[in-house]
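Descriptive analysis of the structure
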Amino acid sequence: MEIERINEHTVKFYISYGDIEDRGFDREEIWYNRERSEELFWEMMDEVHEEEEFAVEGPLWIQVQALDKGLEIIVTRAQLSKDGQKLELPIPEDKKQDAAEESLDALLEDFQKEEAEEQKLQFVLKFADFEDLISLSKMTISGCQTTLYSHENRYYLFVDFNELPDEEVENQLSILLEYASESKMTIHMLKEYGKLVAADHALHTIKKHFA
């Protein structure tokens, strides 16, 4: 884990997905299991405290950014106002009250919601058999980019819809799910651990070579 002390009240650290797994955490559970997310967070904060003597006191402002190969986390602790009368968090005025009252659990939940919202038009599909992938390539799928990966003898299709209306996304997705199942595998995991088979227009490539 890489740790950078920004100032007296703020620290930034980066942890790779490989490091997360070496610590005994599954990459999927840190997104879907808040209890395990908290456990990982406090384990990392213990390490930050040991290396940078960054004490966890009072409310915290936590920013989490998911990168291709890991997580970048910025933690800022509240500081006394200039008159020394109250704690202040370095966040926008309209969010101060909410943030001061939120627990770590709520902050993690908010992050998970933001992540889900960001990825709502992106899906990872898992195929039971390569023949299903060939069959799908014969269908008319529009308004999306498809990238094919292989991982542990399985094929995964990353589908990125390009700003289609939600109703049209549902129609296209219903066709896709006739041949595949939605996977909990993330695109970050596929990029790091999977093997790229076909980029950009994977279904068109499969159709060209096999259908």
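Since we're looking at a predicted model, the values are computed, not measured.

Considerations on the sheet that holds strand β7 (residues 122-127)
Pairing is antiparallel in the open sheet, where 5 strands are placed in the order β10-β7-β9-β8-β11. Only two strands of the sheet have a single partner each, and these edge strands are β10 (181-182) and β11 (195-198). The pairing of strand β8 (residues 144-151) with strand β9 (residues 154-161) spans 8 bridges and is classified as antiparallel. Bridge pairing in β9 places Y149 opposite Y156. Against the sheet, helix α9 (residues 202-210) engages β8, β9 and β11, with an angle of about 70° to β8.

Topic: the packing of aromatic side chains
Inspection of every chain in the model, using the stated rule, returns 4 aromatic pairs. Both rings, one in F123 and one in F161, keep their centres 6.0 Å apart while their planes meet at 80°; by these two values the pair is edge-to-face. A residue pair is termed long-range when its members are at least 10 positions apart, and F123 in strand β7 and F161 in strand β9 qualify at 38 residues. Through successive ring pairs, a cluster of aromatic residues spans F130, Y155 and F210.

What about the pairing of β8?
Among the 8 residues that make up β8, 7 are buried, leaving the element largely enclosed by the rest of the structure. Between β8 and β9, which pair antiparallel one after the other, the connecting turn spans 2 residues, and E152 there sits at a positive phi close to 50°. The pairing of β8 with β11 spans 3 bridges and is classified as antiparallel. Each residue of the ladder has a partner; that of L148, found in β11, is A198.

A word on the sheet that holds strand β2 (residues 10-16)
Across a sheet, strands are paired by hydrogen bonds formed along the backbone, either parallel or antiparallel in direction. Across the sheet, which stays open at both edges, the 4 strands sit in the order β1-β2-β4-β3 with antiparallel pairing between neighbours. Every other strand in the sheet has two partners, leaving β1 (2-5) and β3 (60-66) as the edge strands with one partner each. Each strand of the sheet is rotated relative to its neighbour by a mean of 15°, with strand direction disregarded. As judged from the 4 bridges shared by β1 and β2, these two strands associate in the antiparallel manner. Note that in β2 the partner of E2 across the bridge is Y14.

A short note on the pattern of salt bridges
Scanning the entire structure with this criterion turns up 5 salt bridges. In this structure, the salt-bridge partner of E43 is R23, at a minimum N-O distance of 3.1 Å. With E43 in helix α3 (residues 34-52) and R23 in the loop between α1 (17-22) and α2 (29-32), this residue pair connects regions lying 20 residues apart in the sequence. Note that E39 is salt-bridged to R36, the shortest N-O span being 3.0 Å.

A look at helix α6 (residues 130-137)
Taken together, the buried positions of α6 are occupied by L133, I134, L136 and S137. Summarising the axial view, the buried residues of α6 lie within an arc of 160°, below the 170-degree limit, and thus occupy one face. Where the residues of α6 are buried, they touch β7, β8, β9, α7 (166-176) and α9. Of the residues that open α6, the one with a side-chain oxygen 2.7 Å from the backbone nitrogen of E131 is D129.

Rules of the game
Residues numbered from 1 in each chain as written. Predicted model: local features only at pLDDT ≥ 70, side-chain atom pairs only at ≥ 80, totals over all residues. Heavy atoms only, no water. Pairing = 2+ DSSP bridges. Helix = DSSP H or I, 4+ residues; strand = E, 2+ residues; numbered from the N terminus. Contact = heavy atoms within 4.5 Å. Axes fitted to C-alpha atoms, helices over the stretch in contact; angles between N-to-C directions. Phe/Tyr/Trp six-rings, centres within 6.5 Å; stacked < 30°, edge-to-face > 60°. Buried < 20%, exposed > 50% of the residue type's maximum accessible area, 1.4 Å probe, protein only. Salt bridge = Lys/Arg side-chain N within 4 Å of Asp/Glu carboxyl O. Arc of directions from axis to C-beta. Polar contact = N/O pair within 3.5 Å; in protein donor to acceptor, adjacent residues only side chain to side chain.

So far we have only geometry, and geometry alone does not tell us how the molecule works.
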